[in-house]
Amino acid sequence: MLAHGRAHLLTRKLIQSRNAHIARNHKEDPRWPGWELVVGIEVHAQIKSRRKLFSEAFTSDLSTVSNTHVSPFDAAFPGTLPRLNPTCVELGVRAAIALNAEVRNRSAFDRKHYFYADLPSGYQITQQYEPIARHGHLRLEKNSISVRIKQVQLEQDTGKSTFLPRNRMTAIDLNRAGTGLMEIVSEPDMRSPEEAGSYVRALQALLRTVGSSDGNMEQGSLRCDVNVSVNRPGRPPGTRCEIKNLNSVKNMMVAITCEAFRQIALLEGGLSVSQETRGFDEEKAETYSLRSKEDAPDYRYMPDPNIPPLLIHKDYVDAIRARMPELPDATRARLLGQGLAERDVGVLMDVDSGREVGYDGELGRGAVAYFDEVSRGRDPKAVVNWITHELLGQLAFRHETFKENPISVEQMGDLVDLVQSHKVTGTSGKTILRHILSTRTTDLPTKIAVDLHLVSVSDDGTSLERWCRDAIAALPAEAEAVRRGNMNVVNKIMGHVMKASRGTAKAQDARATLLRLLRP
């Protein structure tokens, strides 16, 4: 059950502390010898809900006309009151479960006060002190480390401000104001830009898998604030600086690297590092100071008097846990257990991490689900080969994504069956695949093979021998070279055979027939 408890205004004693970074064996980084880098990340992920966190207004995307999805509460009209969207709570709980976090029975909302034009109320509703979940972790298999999750909290997004240089004005769009966010705060457990990049990519894939967020950094639905510090190995962490609003994994990794070099240069020059908030200039590849770092007293946190505590019953969490989809680590283990190569599993998982995410927890279908359906009752190695090598290769050649794939499960399954049963050759199978991609036909490959005359010949080798004799006659110099023992030119003659047969001849049979005819 999900319920609100009675509101209590609690006087909180502010505790300013930094969790000690996790003990790890120091591994020297040649980029900064004699120094250790410490990184923690705050990820702000938009919750994929149709409606906002505390109002009935619809959420928006980049195509929405400015200031058309704004309720009186979003615009901070006097007398308006918040109403918690239960769908946002469920999606937040999904993310917490996926992150192995402890979903708390009681959480509460706070007001974080600061003034900015795109924050009409003058405060943001968040969960600084009693978040919805705490004490999770995310395993990074690639780096063989586990990043601890300090807390997962629900909060409002702000509006969007755009500076118009011609008019020397700032335009305010409140469509985004009040959209639900999950702030996922890691402990400072990462030791390199690469580990930070792996963490964000793994988190993106996890949120998409459970349907909590689409994690689209390009469109701003996932943004990162990175805390960076350096210290000598074995010494306490140095003074950290926060780099705000990084909108791509690549930029984040470059920003961490640049900030590490900046702090090391200061310390080696006998200067100190000031605790501050910094931005990142992509063109100059350097960080720059925005303001001195605020601490909790600067924001004047207080319990929100209009929102009672959020009470979450264990049965409610268990019901969500029972409906959770398979998580990426389990998917990887299952695919490897089917005998697939590590590389092929990696390709499938990478493509799957970019799957579409529907609203309100609707789970999208990605490359793994496609593979699972096609491989049902078939050789999984043959299926994954056709998907990862042929299908994805052709889509990439056409500058199309997997979600634009027009080949249905039935068509791909039929194509694999044709090739595996030797009714068409592998070359003809590739021709059929390209034909479907080009024409967007819904015909099955069995029919296409007949229509395009691609069915393998089965006339006791008569046609194959004729094609081979024609190829030898057409390439007399190459044929003579083979007779003298130069086997390197056999493939050129075979190419003539394959062209004459339009790919219906089997390469092994063609080679054997050519060698028999050319035998001295």
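Remember, it's a predicted structure, so these values are computed and weren't measured experimentally. (Residues numbered from 1 in each chain as written. Predicted model: local features only at pLDDT ≥ 70, side-chain atom pairs only at ≥ 80, totals over all residues. Heavy atoms only, no water.)

For the rest of this paragraph, the subject is the overall build of the protein chain. A tally of helices and strands in the protein chain yields 16 helices and 17 strands. Against the 2.2 N^0.38 benchmark of 24 Å for 520 residues, the protein chain shows a C-alpha radius of gyration of 30 Å, more extended than a compact globule. In terms of its C-alpha atoms, the protein chain occupies a principal-axis envelope of roughly 95 × 55 × 55 Å. Burial statistics for the protein chain: of 520 residues in total, 49% are counted as buried. Contacts in the protein chain between residues at least 24 apart in sequence constitute 70% of all its contacts with a sequence separation of at least 6. For the protein chain, the computed accessible surface area is about 26100 Å², with 50% contributed by carbon and sulfur atoms. Taken as two groups, the 70 positive and 65 negative side-chain charges of the protein chain have centres that lie 1 Å from each other. (Helix = DSSP H or I, 4+ residues; strand = E, 2+ residues; numbered from the N terminus. Rg over C-alpha atoms; globule rule 2.2 N^0.38 Å. Buried < 20%, exposed > 50% of the residue type's maximum accessible area, 1.4 Å probe, protein only. Contact = heavy atoms within 4.5 Å. Areas by Shrake-Rupley, 256 points an atom, 1.4 Å probe, with all protein chains shown as cover. Lys, Arg positive; Asp, Glu negative; His and termini not counted. Charge placed at Lys NZ, Arg CZ, Asp CG, Glu CD.)

Despite not being glycine, H399 has its phi angle at roughly 55°, a positive value. Note that H399 resides in the loop between α9 (380-397) and α10 (409-420). Taking relative accessible area as the criterion, H399 reaches 74% and is therefore assigned exposed. At H422, a position not held by glycine, the phi torsion is positive, near 65°. Mapped onto the elements, H422 comes out in the loop between α10 and α11 (426-439). With relative accessibility at 52%, the residue H422 sits in the exposed group.

Counted by the stated rule, this structure contains six aromatic pairs. Taking 5.3 Å as the distance between ring centres and 70° as the angle between the ring planes, the aromatic pair formed by W32 and F261 counts as edge-to-face. Highlighted residues: W32 in the loop between β1 (2-4) and β2 (36-46) and F261 in helix α3 (residues 249-268), separated in sequence by 229 residues. Seen from their ring centres, F54 and F109 are 5.4 Å apart, and the 80° between their planes marks the pair as edge-to-face. Of this pair, F54 sits in the loop between β2 and α1 (86-98) while F109 sits in the loop between β4 (106-107) and β5 (110-113); the two residues are 55 residues apart in sequence, bridging distant segments of the chain. Members of the aromatic cluster, each reached through a chain of ring pairs, are Y114, Y129, Y299 and Y301. R51 extends its terminal NZ or CZ atom over the ring of F58, reaching a point 4.1 Å from the ring centre. The ring centre of W35 lies 3.8 Å from the NZ or CZ of R232, which sits over that ring. (Phe/Tyr/Trp six-rings, centres within 6.5 Å; stacked < 30°, edge-to-face > 60°. Lys NZ or Arg CZ within 6 Å of the ring centre and 35° of its normal.)

What follows covers the sheet that holds strand β6 (residues 123-126). What holds strands together in a sheet is hydrogen bonding between their backbones, with the strands either parallel or antiparallel. Strand order in the open sheet made by the three strands is β6-β5-β16, with antiparallel pairing throughout. The open sheet has two edge strands, β6 and β16 (302-303), and neither has a second partner. (Pairing = 2+ DSSP bridges.)

Turning to the environment of N247, a few remarks are in order. Tracing the chain through its elements places N247 in the loop between β13 (241-246) and α3. With 187 residues separating them in the primary sequence, N247 and R434 have C-alpha atoms 36 Å apart. Those residues within four positions of N247 in sequence are excluded, and the remaining contacts are M217, E218 and E282. A polar contact of 3.5 Å, which involves the side chain of N247, links it to the side chain of N251. (Polar contact = N/O pair within 3.5 Å; in protein donor to acceptor, adjacent residues only side chain to side chain.)

Before going further, it helps to spend a moment on the nonpolar core. I41, V93, I184, Y199 and M252 are the most contacted members of the largest nonpolar core, which has 69 residues in total. Residues in contact with Y199, not counting those within four places in the same chain, are I41, V43, L138, L140, V147, I149, I184, S186 and M190. Core analysis: the second largest hydrophobic core is formed by 34 residues, A382, L415, L418 and I432 among them. (Core = buried A, V, L, I, M, F, W, Y, C linked by side-chain atoms within 4.5 Å.)

All right, on to the state of the cysteines then. A full pass over the atoms with the stated rule returns zero disulfides. C258 carries a free sulfur, and the closest cysteine sulfur to it, the one in C241, is 14 Å from it. (Disulfide = S-S within 2.5 Å.)

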